[in-house]
Amino acid sequence: MSKSSYTLADFTFLVIEDEAVFREQLAAFLKQRGAIVAKAENGRHGLTLVADLKPDLVLCDLYMPEMNGQEVIKSILRKYPNLPVIVISAASEMVEIEEALRHGAKDYFMKPLQNWLTIEQSILSILKPKLSGFEVLSNKHMADAELMSHMAHFRQDDPASTLLMQELASAKNFDISGFSFRVDSQPLGLLLVHYPLSQHEVCVFVLDVSLFGTEAAVIGVLLKSLLNDSYRQHQSNSHYRLRSPAQMIRFLNDQIHDLALSHPVNAIQCYLDASRHCLTYSNAGFAPPNKLFQYTGMGLGILAGHRYQQDRIALPNLLKLNFTSQLGNVLKLDVSKNESVPL
């Protein structure tokens, strides 16, 4: 099979992971997708296999005996600067992830893994100039013919589309600096994504792709990839965009407009600064999720160059948010102050 087919079957991967069960699970997933996979139980063995096998991509844990992942990544990229590395780790501190990205890692995933299919999408976006019909994310454009072909696949394979959408919609509860975020319900078609910016800051996106039907999964993957790309920029140089919801929503709007999708995408970004007890948001199409939210702008993709507003509210001890999709389904998110944890 030629490498123009854009599948994992085209590539050889090296998994460097000391945890045997997870190492086998990850290798099995990649093999099931058709890849050739080599495994190393520690960093030193991994470096030997890199030299012997010349893999297309390395997936590496951060915490391992004999040589930790940070040293492995630096050693690999010092000798093979064009070899992409993805970090998969149970690292609890974002500073560890940020250090790995500074060393040259292309992406990261946290253990335990939930969204296995997004790992495949990340790998393909790194290895190929196009991701299943999408051009490289740095260009942010689609090849129309390939997009139609990719969407046609999901129309014809509804179970695959449903599985991918379920993976994308598996939002988890999380905490930041004395505030707890709890997802009470998340119907298909509504996606929640969050990114910690510092110990006291987090940004939360809610995206509505419910009108796209069987195409919702691929639109969701594209949107999440755009967000991941902005987050990687933030980690590299504290990119301002994620701290400015109006700027971020405008950026997303311009990308979506270029795609000429069949429906607008409703989206909202909430930037929470726990140290200041405030939440800044920019809303593109959603009905106000709470009576404290006053501003609603047009959905993404309708008008190129549209300037979105943002507003700021003081955080109460309990903030209940209900995000309603264009089909009437509701994603419920509760943000509550944890009195037992000092800010």
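Structure: see above.
A quick note: this is a predicted structure, and the numbers were derived from the prediction, not measured.

Peer 1: Account for the sheet that holds strand β3 (residues 57–60), naming residues and giving values.
Peer 2: As summarised here, the arrangement of the 5 strands in space is β2-β1-β3-β4-β5, forming an open sheet in which the pairing is parallel. The sheet terminates laterally at β2 (36–40) and β5 (107–110), the two strands that pair on one side only. Pairwise comparison of adjacent strand axes, ignoring direction, gives a mean angle of 20° for this sheet. The pairing of strand β4 (residues 85–89) with β5 spans 4 bridges and is classified as parallel.

Peer 1: Outline unusual backbone geometry, listing residues and values.
Peer 2: Of note in this structure, Lys54 is not a glycine but carries a positive phi near 50°. Mapped onto the fold, Lys54 is located in the loop between α2 (43–53) and β3.

Peer 1: Outline the sheet that holds strand β16 (residues 330–337), supporting the account with residue identities and numerical values.
Peer 2: In space, the 4 strands of this open sheet follow the order β8-β9-β16-β15, with antiparallel pairing throughout. Each having just a single partner strand, β8 (174–176) and β15 (318–324) make up the two edges of the open sheet. Pairs of neighbouring strands in the sheet enclose a mean axial angle of 20°, with direction left out of account. Pairing of β8 with strand β9 (residues 179–185), which is carried by 3 bridges, proceeds in the antiparallel orientation. Its bridge partner lying in β9, Asp175 is registered against Ser180.

Peer 1: Residues and numbers for helix α5 (residues 116–127), please.
Peer 2: An α-helical turn contains 3.6 residues, so any two residues separated by three or four positions project in the same direction. Helix length check: α5, at 12 residues, gives a terminal C-alpha distance of 17 Å against a target of 16 Å (1.5 Å per residue), a fit within 8%. Within α5, 10 of the 12 residues are buried, leaving the element largely enclosed by the surrounding structure.

Peer 1: How would you summarise the packing of α2 against helix α3 (residues 69–79) if you had to cite specific residues and measurements?
Peer 2: Axis angle and axis distance: for two packed helices, these are the angle between their axes and the distance between the axes, and together they describe the pair. Where α2 meets α3, the closest approach of the two axes is 10 Å, and the angle between their N-to-C directions is 15°. By the angle between their axes, α2 is roughly parallel relative to α3. Regarding α2 and α3, the two cross each other, and that crossing is right-handed. Taking contact as the criterion, the partners of Gly43, Leu47 and Val50 in α2 are, on α3, Val72, Ser75 and Ile76. Tallied by class, residues from the contact of α2 with α3 come to 4 nonpolar, 2 polar and no charged.

Peer 1: Got a sec to walk through the pattern of salt bridges? Specific residues and values, please.
Peer 2: Following the criterion strictly, the structure yields 7 salt bridges and no others. Among the salt bridges present, the one from Glu201 reaches Arg243, with a minimum N-O distance of 2.8 Å. Of the two residues, Glu201 sits in strand β11 (residues 201–208) while Arg243 sits in the loop between α8 (216–237) and α9 (245–259), which places them 42 residues apart along the sequence. Asp273 serves as the salt-bridge partner of Arg276, at 3.7 Å between the closest nitrogen and oxygen. Residue Asp273 is classed as buried on the basis of its relative accessible area of 7%.

Peer 1: Give me the environment of Ala35: which residues, what numbers.
Peer 2: Assignment of secondary structure puts Ala35 in the loop between α1 (20–32) and β2. Owing to a relative accessible area of 9%, Ala35 belongs among the buried residues under this scheme. The spacing of Ala35 and Ala9 is 26 residues in sequence and 4.3 Å in space, taken between C-alpha atoms. The contacts of Ala35, once residues within four sequence positions are left out, are Leu8, Ala9, Phe11, Phe13 and Leu30.

Peer 1: Account for the pairing of β16, naming residues and giving values.
Peer 2: Summarising the sheet, β9 and β16 pair through 6 bridges and their orientation is antiparallel. Across the sheet, the residue bridging to Phe179 is Lys337, located in β16. By the bridge criterion, 7 bridges tie β15 to β16 in an arrangement that is antiparallel. Along β16, the bridge assignment pairs Lys320 with Asp334. From the end of β15 to the start of β16, which pair antiparallel, there are 5 residues, and Gly328 there has a positive phi angle of about 95°.

The rules behind the values
- Residues numbered from 1 in each chain as written.
- Predicted model: local features only at pLDDT ≥ 70, side-chain atom pairs only at ≥ 80, totals over all residues.
- Heavy atoms only, no water.
- Pairing = 2+ DSSP bridges.
- Helix = DSSP H or I, 4+ residues; strand = E, 2+ residues; numbered from the N terminus.
- Axes fitted to C-alpha atoms, helices over the stretch in contact; angles between N-to-C directions.
- Expected span 1.5 Å × (residues − 1).
- Buried < 20%, exposed > 50% of the residue type's maximum accessible area, 1.4 Å probe, protein only.
- Parallel < 35°, antiparallel > 145°, perpendicular 65-115°, else oblique.
- Left-handed = near helix turned anticlockwise from the far one by under 90°.
- Contact = heavy atoms within 4.5 Å.
- Nonpolar A, V, L, I, M, F, W, Y, C, P; charged D, E, K, R; others polar.
- Salt bridge = Lys/Arg side-chain N within 4 Å of Asp/Glu carboxyl O.

Without other data, these values stay purely geometric and don't point to any function.
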